[in-house]
Amino acid sequence: MSEDDEKKLTKTESGFKLTGSRLLVEKPFAYALKSSLLSEICDNCFQRKQVKKCSGCQTLFYCSRECQKQGWKIHRKECPLLFKIKPQILPDAAFFLSRIIFSLERNPDEKSYYTEKDYRKFDDLQSHEEEIRKDKSRMEHIALLSAVLHRYLGQKNVPRFEELVKLYGKMCINSFSILDPDMQCIGSGIYLGGSILDHSCKPNAVTVFKGTTLYVISTEDINHFEWSKVQISYEDLLSLTSKRQAELSKYYYFDCKCPRCLDFDLQNLETSMLCQSANCGGPVYMNNSDASEFACKDCNQPIRNDKVKKYKKFVLAIEEKLANKSSVIVNSDVDKWCQKIATLAHPLNYYYVKLLDLACEEAIKTENWKGAAEYGSQLVSGFRHYYGALNPILGIHLMKLSNLYISLNNKKMAVKHFQEAIKILKLTNNESILTYHLQGLDD
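Residues numbered from 1 in each chain as written. Predicted model: local features only at pLDDT ≥ 70, side-chain atom pairs only at ≥ 80, totals over all residues. Heavy atoms only, no water.

Novice: When you look at the overall build of the chain in this model, what are you seeing that I'm missing?
Specialist: Helix and strand content of the chain: 16 helices and 16 strands. The principal-axis extent of the C-alpha atoms belonging to the chain is close to 70 × 55 × 50 Å. Out of the 443 residues in the chain, the part that is buried amounts to 49%. Surface accessibility of the chain: about 22500 Å² in total, with carbon and sulfur atoms responsible for 48%. The averaged location of the 55 negative side-chain charges in the chain is 4 Å from the averaged location of its 62 positive side-chain charges. (Helix = DSSP H or I, 4+ residues; strand = E, 2+ residues; numbered from the N terminus. Buried < 20%, exposed > 50% of the residue type's maximum accessible area, 1.4 Å probe, protein only. Areas by Shrake-Rupley, 256 points an atom, 1.4 Å probe, with all protein chains shown as cover. Lys, Arg positive; Asp, Glu negative; His and termini not counted. Charge placed at Lys NZ, Arg CZ, Asp CG, Glu CD.)

Structure follows, in structure tokens:
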């Protein structure tokens, strides 16, 4: 199917959209690769290939003459400027902002259609200028970016500070993280049509990428389709509700009132202990800090105070490690940490799921395939709970599990997880993810 045919699928203004429908396919108005990945990924196609340095700027890399030729429209003006500032590498935000400025110079009235009749231009994007100006840290950041851009572009090519504030606001509020086949961020992009998408912590659509091309895929049936009914998540869904709400307020200037944020049972489950009754396994809600006694929600059996203190101490230790962005688990500590929290925390407890995720990754790094498979299998229910049953992140995890079980010569489990992964990755229509993760799997 050609890209033009794909785009036609996105133009229906009303009707019924099945799960797995492509709602939008769009090229970016402006994009920028992370500076830490410049020598690993082609700046045009955003693929991890063998790349060669541009002989002009000696900063950006391309995988072929064809990609370099295609990227020249974007790179032409910046090429001598990047060479002039070598060996300095522009901060990511400054480089992205400079590309937005160049895109506006080339085509200030560019339109991106999200229906047959409706479109968005850069002028339509929200800047939240008033909120930005009240944000001291962001205003300081703009001042630093302004100084960098003046050195890089020259004074006459940098917008007035008042206009720069608006450009910065539009960049921060409307940019998408461009993701690789592992759903890891490799860059940022402005998608004019995609900017219409609202947020929900219980989204009914996901965004996936093929190179820099954005695909918006429905993960639920949408009756009487209209764009106001489509929501994606702006934040990582594997997080505490309080943290998501705080970050949405801080970075996007709104208070989330989605169904997930208003579901207090879900919020309580995030920090629940595990009922100590052998025949129950229900959640013990811990959010009432004034309670003298905590009891299981299902069987009402109280939990001993020494268990509560042990759990709270353990949670504080995990929070401290996560806040310091250091690994909670180190080599021989893996089993000890996981065994401790497994006896105290409900299986859908955020800290337990987060620890399993880190433990699985640590086991993979140390080539402990058996441990990785065990932690990864325990992690499936948590990923499904937090990300949703059709999120590509769950599909990728299941594909990794399939690979792990192949390494362990467990064909039955490998096939089981492979089939589950295929359903998700095919439905979310991400051929690049599917192709990438099929590599290394035996027929």
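Moving on from the coordinates now.
Novice: When you look at the pairing of strand β7 (residues 175-179) in this model, what are you seeing that I'm missing?
Specialist: Looking along a regular strand, one sees side chains alternate from face to face of the sheet. Sheet topology places β7 next to strand β8 (residues 185-190); five bridges connect them, and they run antiparallel. Looking across to β8, one finds that Ile178 is bridged to Gly187. Here β7 folds back onto β8, and the loop between the two strands holds five residues, one of which, Met183, carries a positive phi near 60°. (Pairing = 2+ DSSP bridges.)

Novice: How should I be thinking about the environment of Pro283 in this particular structure?
Specialist: Structurally, Pro283 is set in strand β14 (residues 283-284). A sequence separation of 73 residues divides Pro283 from Lys210, and the C-alpha atoms of the two residues are 41 Å apart. Ignoring anything within four residues of it in the chain, the contact list for Pro283 reads Leu269, Ser272, Met273, Ala295, Cys296, Lys297, Asp298 and His346. (Contact = heavy atoms within 4.5 Å.)

Novice: Would you take a moment to explain the side chain of His199 for this structure?
Specialist: Structurally, His199 is set in strand β9 (residues 198-199). Judged by its relative accessible area of 11%, His199 is buried. A distance of 3.4 Å separates a polar atom in the side chain of His199 from the backbone nitrogen of Cys201. Among the polar contacts made by the side chain of His199, one reaches the main-chain amide nitrogen of Tyr234 at a distance of 2.9 Å. With sequence-adjacent residues up to four places away left out, His199 is seen in contact with Gln231, Ile232, Ser233, Tyr234, Glu235, Leu248, Phe254 and Cys256. (Polar contact = N/O pair within 3.5 Å; in protein donor to acceptor, adjacent residues only side chain to side chain.)

Novice: For this particular structure, what's the right way to read the confidence of the model for the chain?
Specialist: Low-pLDDT portions of the prediction should not be read for the details of their coordinates. Across the chain, the average pLDDT comes to 90, with 90% of residues at or above 70. Taken together, the stretch residues 1-13 has pLDDT below 50 and engages in 25 contacts with residues farther than four places along the chain or on a different chain. (pLDDT = per-residue confidence, 0-100.)

Novice: Explain the sheet that holds strand β11 (residues 213-218) to me, please; I cannot follow it from the model alone.
Specialist: In a beta sheet, neighbouring strands pair by backbone hydrogen bonds and run either parallel or antiparallel. Spatial ordering of the open sheet is given by β1-β11-β10, a layout of three strands whose pairing is antiparallel. Because the sheet does not close on itself, it has two edges, and the strands there are β1 (22-26) and β10 (205-210). Here the average twist between neighbouring strands, direction ignored, is 20°. (Axes fitted to C-alpha atoms, helices over the stretch in contact; angles between N-to-C directions.)

Novice: Honestly, the UniProt feature "domain: MYND-type" (unreviewed entry) in the chain in this entry has me stumped. Any pointers?
Specialist: Per the UniProt annotation, the sites labelled "domain: MYND-type" (unreviewed entry) are residues 42-79. Between the first and last C-alpha atoms of residues 42-79 the distance is 15 Å; the span itself is 34% helix and 11% strand. (UniProt positions renumbered as here; feature names shortened; annotations may be inferred.)

Novice: Help me understand the sheet that holds β8 in this model?
Specialist: Taken in spatial order, the three strands make up an open sheet running β2-β8-β7, and their pairing is antiparallel. Here the strands that pair on one side only, and so sit at the sheet edges, are β2 (30-33) and β7. Across this sheet, the average inter-strand angle for adjacent strands is 25°, counted without regard to direction. Packing of helix α4 (residues 92-106) onto the sheet brings it into contact with β2, β7 and β8, and relative to β2 it is tilted by some 155°. Of the strands in this sheet, β7 and β8 are in contact with helix α7 (residues 161-174), which crosses β7 at around 50°.

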